[in-house]
Amino acid sequence: MVFKKKTDLLHLYNAVNGTSYQNVEDLEINTLENVLYIKMKNDVSFIIGCTMNLYEHQSSYNPNMPLRGMLYFSKLYNKYTEQRKLNLFSSTLQKIPTPRYIVFYNGLNKEPDRQVLKLSDAFETEGGCLECEATMLNINYGQNLELMEKCRRLEEYAKFVATVREYALQEKMSREKAITLAIDECVKNGILSDILIEQRAEVIMFVLETFDQELYENDLKQDAYEAGIHEERISNIRSIMKNLNVSLEEACKIIGITLKEYEKAKANVK
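Given the structure is predicted, the values throughout are model-derived calculations rather than measurements. (Residues numbered from 1 in each chain as written. Predicted model: local features only at pLDDT ≥ 70, side-chain atom pairs only at ≥ 80, totals over all residues. Heavy atoms only, no water.)

S.K.: Any chance you could explain unusual backbone geometry here in plain terms?
M.R.: Glycine aside, the phi torsion of most residues is negative, and most peptide linkages are trans. The backbone phi angle of Asn144 is positive, close to 45°, even though this residue is not glycine. Summarising the element assignment, Asn144 is placed in the loop between β8 (133-138) and α3 (145-150). Judged by its relative accessible area of 13%, Asn144 is buried. Positive phi is not limited to glycine here, since Leu192 has a value of about 50°. For Leu192, the position within the fold is in the loop between α5 (175-188) and α6 (193-198). (Helix = DSSP H or I, 4+ residues; strand = E, 2+ residues; numbered from the N terminus. Buried < 20%, exposed > 50% of the residue type's maximum accessible area, 1.4 Å probe, protein only.)

S.K.: I tried to follow the sheet that holds strand β5 (residues 51-58) on my own but got confused; where do I start?
M.R.: Note on sheets: strands pair through backbone hydrogen bonds, and any given pair is parallel or antiparallel. If you walk across this open sheet you meet the six strands as β1-β4-β5-β6-β8-β7, and the pairing is mixed. The two strands at the open ends of the sheet, each matched to only one other strand, are β1 (27-29) and β7 (114-118). Across the sheet, the axes of successive neighbouring strands diverge by a mean angle of 25°, strand direction being ignored. In the packing of helix α2 (residues 65-83) onto the sheet, contacts are made with β1, β4 (44-48), β5, β6 (98-105), β7 and β8, and the angle to β5 comes to roughly 140°. (Pairing = 2+ DSSP bridges. Axes fitted to C-alpha atoms, helices over the stretch in contact; angles between N-to-C directions. Contact = heavy atoms within 4.5 Å.)

S.K.: Sorry, what's going on with the packing of helix α4 (residues 152-168) against α5 here?
M.R.: The angle between the axes and the distance between the axes are what describe a pair of packed helices. Put simply, α4 and α5 touch, their axes get as near as 8 Å, and they point 135° apart. Between α4 and α5, the interaxial angle falls into the category oblique. For the element pair α4 and α5, the recorded crossing hand is right-handed. Mapping the contact onto sequence places Phe160, Thr163, Val164, Tyr167 and Ala168 in α4 and Ala178, Ile179, Leu181, Ala182, Ile183, Glu185 and Cys186 in α5. Its residues assigned to classes, the contact of α4 with α5 shows ten nonpolar, one polar and one charged. (Parallel < 35°, antiparallel > 145°, perpendicular 65-115°, else oblique. Left-handed = near helix turned anticlockwise from the far one by under 90°. Nonpolar A, V, L, I, M, F, W, Y, C, P; charged D, E, K, R; others polar.)

S.K.: Is there a simple way to think about the environment of Leu32 in this case?
M.R.: For Leu32, the location among the structural elements is in the loop between β1 and β2 (36-37). For the pair Leu32 and Asp43, spaced eleven residues apart in sequence, the C-alpha to C-alpha distance is 8.2 Å.

Here's what the structure looks like:
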């Protein structure tokens, strides 16, 4: 939504690549519309100059982006060769645009401003005939300052997300209320005001869905943490019973838990 207009997308491309394209007609958008591919829709893809660009956004760190990118590029190049009727059986080399893959990250994990993820890191053995590199840029507010200075639209997006999270941290406030207040503040300060005014309902829906995903992921992490505690308790109790030759009840007393807590721990370990 933020970079739907060609002018904004061109501005972002220039900021990322240090170029100075001015004519929006130089940019050909070829996003895979209405295609859910490996459970994720292609965010933005476009051709400009001699490059095929794939831009993806992630609110959580994902080391599998190079593999997903390779699969996306396969679809994009298939579409490209069909549209231009390139003869892949020709004795003449068929030229294609150079791939450029950018992942914009604004999750809660601490990540550097810039890092390169490689498909080859996922290979079970060294070597291989394929490679796909994803350049991951941290676009949380306060990160990649030089990039933000070059692209005001990207900086506004970073500020909006930071504002939503700030309100969401306040106690006794529903997520929808937090999003509503964040939108009001951003509109007042001229941050993404065009989108937040015209598409307010859609923005609220999208951000609520993002919150739900973040909560789900946090719940999984908490479940894993608690499972580890339960396993450790059971292991300690069994070790005490064996080494000290004491009953289950006595072993529980030694580590400071009740029989009921032991049974609960046991039930939570699969």
